[in-house]
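# Report on the structure
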Amino acid sequence: MKKLLIALTLILICSHTANAQLGGLKINKKHLDAATKTAKALTLTDEQIATYCQEYIDWMDAHNPVCKTTDSDPGMKAVADRLEKIKATMPSDVKLDIQAYYVVDQNAFACANGSIRVFAGLMELMTDDEILGIIGHEVGHIVNKDSKEAFKKALLTSALKDAVGSTGDVAAALTDSQLGELGEALAGAQFSQKAEYAADDYGYEFLKKSGKDPMGMVTALRVIQKLSDDAGVDKSKAKQLFSTHPESGKRADKLEAKYKKEYK
């Protein structure tokens, strides 16, 4: 598998020279704070956000190996086949664009337009039910509009603020450089604790609706916590899932307590 060239939130890192690692980008907080103040005067319509999201996910897919069931590469085909098997268990009313990147990074992300990308490196560490729980967590961020707000903020706090603010009601076509600036802004994005707990609950209920044991969401969070713990010792593992999302262990504890009450 390749390393992720560009990765998006829950963590998103971009590089014009390739081989960026999750967690490896240094964000200039002063610059982002200043941009945030400037962005307050700007607005975006839902239609503009949808256009930018689609442009971004198209760009991501063009720069990373997307696994297909028709791939000649056996590794990529195996990942795609497994993901299709997992998706087949989801509730029938879920109509989202869910695909896998054949990269070693251990992550997953959702875009506000309903696109979800799961990384092969993460799939190697989790069971099918755990991956389904993570997908449910990402669906929760989309349904709760967390992904939309994060994307909007990233658009308005990156260098795109100039392009976005000057286009009126029409979404401007973004250059590679501007998409890279967007990636840098998204790399520093974090959801609130409330949003994370809500997404965890959504993933938990998503597993139940899929006919699976919701404990899969709990154990998925345990895997994330272990990755975070390991990264504290070995910085080369700093590309762990949700590295900007602390307290995975506490979140798992809360869900496990809920599980014990329901299944005692």
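Note that the coordinates shown come from a computational prediction; the quantities given were computed from them, not determined experimentally. (Residues numbered from 1 in each chain as written. Predicted model: local features only at pLDDT ≥ 70, side-chain atom pairs only at ≥ 80, totals over all residues. Heavy atoms only, no water.)

Moving on: the sheet that holds strand S3 (residues 115–119). Backbone hydrogen bonds are what pair the strands of a sheet, in a parallel or an antiparallel way. Reading across from one edge, S1-S3-S2 is the order of the three strands in this open sheet, with mixed pairing throughout. At either margin of the open sheet sits one strand with a lone partner, and together these are strand S1 (97–101) and strand S2 (108–110). The sheet shows a mean angle of 15° between the axes of neighbouring strands, direction not considered. With five bridges joining them, S1 and S3 adopt parallel strand pairing. Across the sheet, the residue bridging to Ala100 is Val118, located in S3. Against the sheet, helix H2 (residues 46–63) makes contact with S1, S2 and S3, and its axis sits at roughly 30° relative to S1, the strand it touches most. (Pairing = 2+ DSSP bridges. Helix = DSSP H or I, 4+ residues; strand = E, 2+ residues; numbered from the N terminus. Axes fitted to C-alpha atoms, helices over the stretch in contact; angles between N-to-C directions. Contact = heavy atoms within 4.5 Å.)

Counting buried positions along S3 yields five of five residues, so the element is predominantly enclosed. The alternating pattern of S3 places Ser115, Arg117 and Phe119 and Ile116 and Val118 on opposite faces, both of which are buried. Here S2 runs beside S3; their pairing, made up of three bridges, is antiparallel. When the bridges of S3 are listed, Ala108 appears paired with Val118. Here S2 folds back onto S3, and the loop between the two strands holds four residues, one of which, Gly114, carries a positive phi near 95°. (Buried < 20%, exposed > 50% of the residue type's maximum accessible area, 1.4 Å probe, protein only.)

Attention now goes to the packing of aromatic side chains. Tallied over the entire structure, the rule returns six aromatic pairs. Taken together, a centroid distance of 6.3 Å and an interplanar angle of 80° make the contact between Tyr56 and Phe151 edge-to-face. Of this pair, Tyr56 sits in helix H2 while Phe151 sits in helix H6 (residues 146–157), placing them 95 residues apart in sequence. For the pair Tyr56 and Phe151, one class covers both residues: buried. (Phe/Tyr/Trp six-rings, centres within 6.5 Å; stacked < 30°, edge-to-face > 60°.)

Turning our attention to H6. An α-helical turn contains 3.6 residues, so a residue and the one three or four places further along point in the same direction. For H6, which comprises 12 residues, the first-to-last C-alpha distance of 16 Å matches the rise-based estimate of 16 Å (1.5 Å per residue) to within 8%. Listing the buried residues of H6 in full gives Asp146, Ser147, Ala150, Phe151, Ala154, Leu155, Leu156 and Thr157. (Expected span 1.5 Å × (residues − 1).)

Across the protein chain, the average pLDDT comes to 78, with 70% of residues at or above 70. Mean pLDDT values over the elements of the protein chain span from 44, in helix H1 (residues 29–39), up to 98, in helix H3 (residues 74–87). With pLDDT under 50 throughout, residues 6–41 is counted as low confidence; its partners more than four residues away or in other chains account for 93 contacts. In the model, residues 234–244 has pLDDT below 50 throughout and makes 41 contacts with residues more than four positions away in sequence or in other chains. (pLDDT = per-residue confidence, 0-100.)

With respect to the element layout, Val218 can be found in helix H10 (residues 215–233). Sequence spacing of Val218 and Asp200 is 18 residues, and the spatial spacing of their C-alpha atoms is 8.7 Å. For Val218, the contacting residues outside a window of four places in its chain are Ala252, Leu255 and Glu256.

With that out of the way, let us pick up the nonpolar core. Counting 39 residues, the largest nonpolar core has Ile116, Met123, Met126, Ile131, Ile134 and Ile135 as its most contacted members. For this core, the leading source of residues is H10, giving eight residues. What Ile135 contacts, discounting residues up to four positions off in sequence, is Leu83, Ile86, Met90, Ile98, Ile116, Val118 and Phe206. Judged by nonpolar contacts, the second largest core, of 21 residues, contains Trp59, Val66, Phe151 and Leu182. (Core = buried A, V, L, I, M, F, W, Y, C linked by side-chain atoms within 4.5 Å.)

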